[in-house]
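Chain residues, written in single-letter form:
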Amino acid sequence: MGNFKLTTVEEFEAATEKLLETGKKVGADAWQYRAAKQTPHCKFGEQGVCCRICAMGPCRITPKAPRGICGCDVHGIVGRNYLKFTAGGAATHSDHGREICHTLYCAKPEGPYKVKDPEKLIRIAKEWGVETEGKDIYDLAHEMAYLGMSEYGKVFGTQNFLKRAPQHTQEIWEREEIAPRAIDREVSCSLHMSHMGCSSLPEALIRQSLRAGLSDGWGGSMAGTEFSDVLFGTPKPIETEANLGVMVAENVNIVVHGHDPSLSEMICEYADDPEMIAYAKEMGAKGITVSGVCCTSNEVAMRRGIPMAGNFLQQENVVLTGACEAIVVDVQCIFPALGPLSKCFHTKFVTTSPIAQMPDAEYIRFNAETAGENAKAIVKMAIENFKNRKPELVHIPDMKQKATVGYSVEAIVKTLDGVANSQVDEMGTTKPLLECITSGVIRGAVAMVGCNNPKVRPDTAHIELMKKMIANDIIIIASGCSAQAAARAGLMDKEAKELCGAGLKRVCELADIPPVLHMGSCVDISRMMILAAELAKDSGLNISQLPVVGCAPEWMSEKAVSIGNYVVATGIDTFLGVDPYVSGSDQIAQLLTEGVRDWVEAAYTVEKDIDKLGDAMIARIEEKRTALGI
Ligand code: XCC
Ligand code: SF4
């Protein structure tokens, strides 16, 4: 207990430096070098004022050339770019959700995919008005999977999951005409609106950005989360470890990277197979270690306790250890750099999805029907690659931290009810959490999400902001690469309670939780929406009145912008540490940071100074408390 110590960013960096030295020996490239060559970035692109959506362009807006050839002004151009960016993110998250629905559709009692949480399936079926009585659970699974996929192209109506939101929120969405219809329709409509010669009115473009975002958060992402739980189990608190030190030099190391648990679950399954472990021993290893990078890592950490090797900007580091037999990827956030980099080592870079194909990779096409065989082939390939290691290149930084992860909404509710680890079934209430908040023992909550970005000293913003929040009795719920930054630093160790203010420390002790709760991957930000909705319903307040804010201090992907839009459109103020290419238009910037508040009762704050960003979040939380008189 007394020897608990956070791992510092300086220590992260020293470890990375050492790995880069190994890289130099074999002529490896790295993002650190590429980022330097790409800096300074194109100013037009940075401000969002370059348009190349038609072949009369590209048009760049300057004081001398205030309009594109078609006459579009800077606000239209910045707004269209923002909408396209959002559509990219919504499409990506949502397509992930669709894949999960498809996996559920393929579930069979004999596996490889089974229904692990039938209660949750029945709960969602009832919500959707589907008859469950006397139905075989697999028949119900297939029916729900089909309905889930139909949400993507439904002809009439809006997303089924919207009914989970408080009445007031649903009314806002209706009133503002941003209640998302079919998911694919919102993505298409966004691309239509941002085509040459369609919308250039800032209000229209931003409104659709919110709607497309909502189709992700309360549509595709929510489907991804909910049906992943049905298939692979709803997460419950579980112990794991994080940082590169989770890789084991004597073992065959398989790293899973990407987002879709359909792949990583199967890899974990086969890596655990006694036959495979025996084979690894035959090949001279002591065993098999699976660890993860990015969101797929979050998925298997939450459900299986699989250790987390690193987050987004550490993906090259796992190869640079020289001890990675295979890095197996599915979709999203995968550096194309991994192909050439793996070639400098013995590492097999295995792509598995038709959606993410890359040069210099071994492509083993993975699909739900043949998942077992595919996973087995990949695990075998990794084992057989162990002998090709170059021992002189092997160096695994000796750093890892303990973490307790697995805080689904169901788990948070149960844990705070004092019945931790009990069977997850019907949703309880959030009243105990509300009591902590109203009494002021906890001042509020911050949802910390998102990526790393070389524009921000990696992980620093996540870690520093979390430390600042918990010291001020603000509890953190985290997902994605933000969650992994926390885990690597040690903030998901229950001993991190020592860094909290007195109130939060007491809650951590009583409930036996760390002050930063791991809620999962990026599609799992939908869990945060459900938590906010439940808090609002249980308290009789509007979501926007809750002392809760969202924060993505190091974000980089289109998905993150889609997320930001649905978090704001759900009534939660959102704080960004990186500008979403809108500084070129004061009208778009004004809408996002103020104007949308008139529509959805929340807005963005963009602040690159991390300390100021933290102060602004605390101030907002305290403002909300004052307004409530608590
Ligand atoms: Fe990707 Fe989801 Fe960002 Fe991490 S946080 S870099 S989107 S892996 Ni989702
Ligand atoms: Fe230029 Fe207009 Fe074409 Fe954009 S749409 S490239 S601003 S002409």
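Residues numbered from 1 in each chain as written. Chains lettered and ligands numbered in written order. Predicted model: local features only at pLDDT ≥ 70, side-chain atom pairs only at ≥ 80, totals over all residues. Heavy atoms only, no water.

**Structural notes on the side chain of Thr430**
Residue placement: Thr430 occurs in the loop between helix H16 (409-416) and helix H17 (431-439). At 2.7 Å, the side chain of Thr430 and the side chain of Asp538 are in polar contact. Sequence-distant contacts of Thr430, defined by excluding residues within four places in its chain, comprise Val413, Leu531, Glu534, Leu535 and Asp538. (Helix = DSSP H or I, 4+ residues; strand = E, 2+ residues; numbered from the N terminus. Polar contact = N/O pair within 3.5 Å; in protein donor to acceptor, adjacent residues only side chain to side chain. Contact = heavy atoms within 4.5 Å.)

**Describing the domain arrangement of the protein chain**
One can read the domain layout of the protein chain as domain 1 (71-232), domain 2 (244-393) and domain 3 (407-628). The straight-line distance from the C-alpha centre of domain 1 to that of domain 2 is 30 Å. Regarding the contact of domain 1 and domain 2, the summed buried area is about 1200 Å², with carbon and sulfur atoms giving 57% of it. When the buried area of domain 1 at its contact with domain 2 is split by residue, His96, Tyr113 and Phe232 rank highest and sum to 43% of it. At the junction of domain 1 with domain 2, the criterion picks out one salt bridge. The interface formed by domain 1 and domain 2 holds four residue pairs in polar contact (both at pLDDT 80 or more) in total. The set of elements that each furnish at least two residues to the side of domain 1 that touches domain 2 consists of helix H4 (74-105) and helix H9 (202-232). The element best represented in the side of domain 1 that touches domain 2 is H4, accounting for seven residues. (Domains from an automatic or database assignment. Buried area = accessible area lost by both parts, 1.4 Å probe. Salt bridge = Lys/Arg side-chain N within 4 Å of Asp/Glu carboxyl O.)

**Section: unusual backbone geometry**
At the junction of Thr39 and Pro40, the peptide bond is cis and its omega measures out at 0 degrees in the coordinates. Summarising the element assignment, Pro40 is placed in the loop between helix H2 (31-38) and helix H3 (43-47). Between Gly57 and Pro58 the backbone carries a cis peptide bond, its omega angle lying at 0 degrees. Inspection of the secondary structure assignment puts Pro58 in the loop between strand E1 (50-51) and strand E2 (59-60).

**What about the pattern of salt bridges?**
The full count for this structure, using the stated rule, is 44 salt bridges. The salt bridge partner of Arg303 is Glu299, with a shortest N-O separation of 2.8 Å. Separated by four residues within a single helix, Arg303 and Glu299 lie in helix H12 (residues 294-304), roughly one turn from each other. Judged by relative accessible area, which is 15%, Arg303 ranks as buried. The salt bridge partner of Arg620 is Glu623, with a shortest N-O separation of 3.7 Å. A residue pair is termed a helical-turn pair when its members lie 3 or 4 positions apart in one helix, as Arg620 and Glu623 do in helix H25 (residues 610-628) at three residues. You can call Glu623 partly exposed: its relative accessible area is 49%. One salt-bridge network, in which partners are shared between bridges, spans Lys120, Arg123, Glu127, Arg164, Glu226, Asp229, Glu299, Arg303, Glu410, Asp524 and Arg527. (Buried < 20%, exposed > 50% of the residue type's maximum accessible area, 1.4 Å probe, protein only.)

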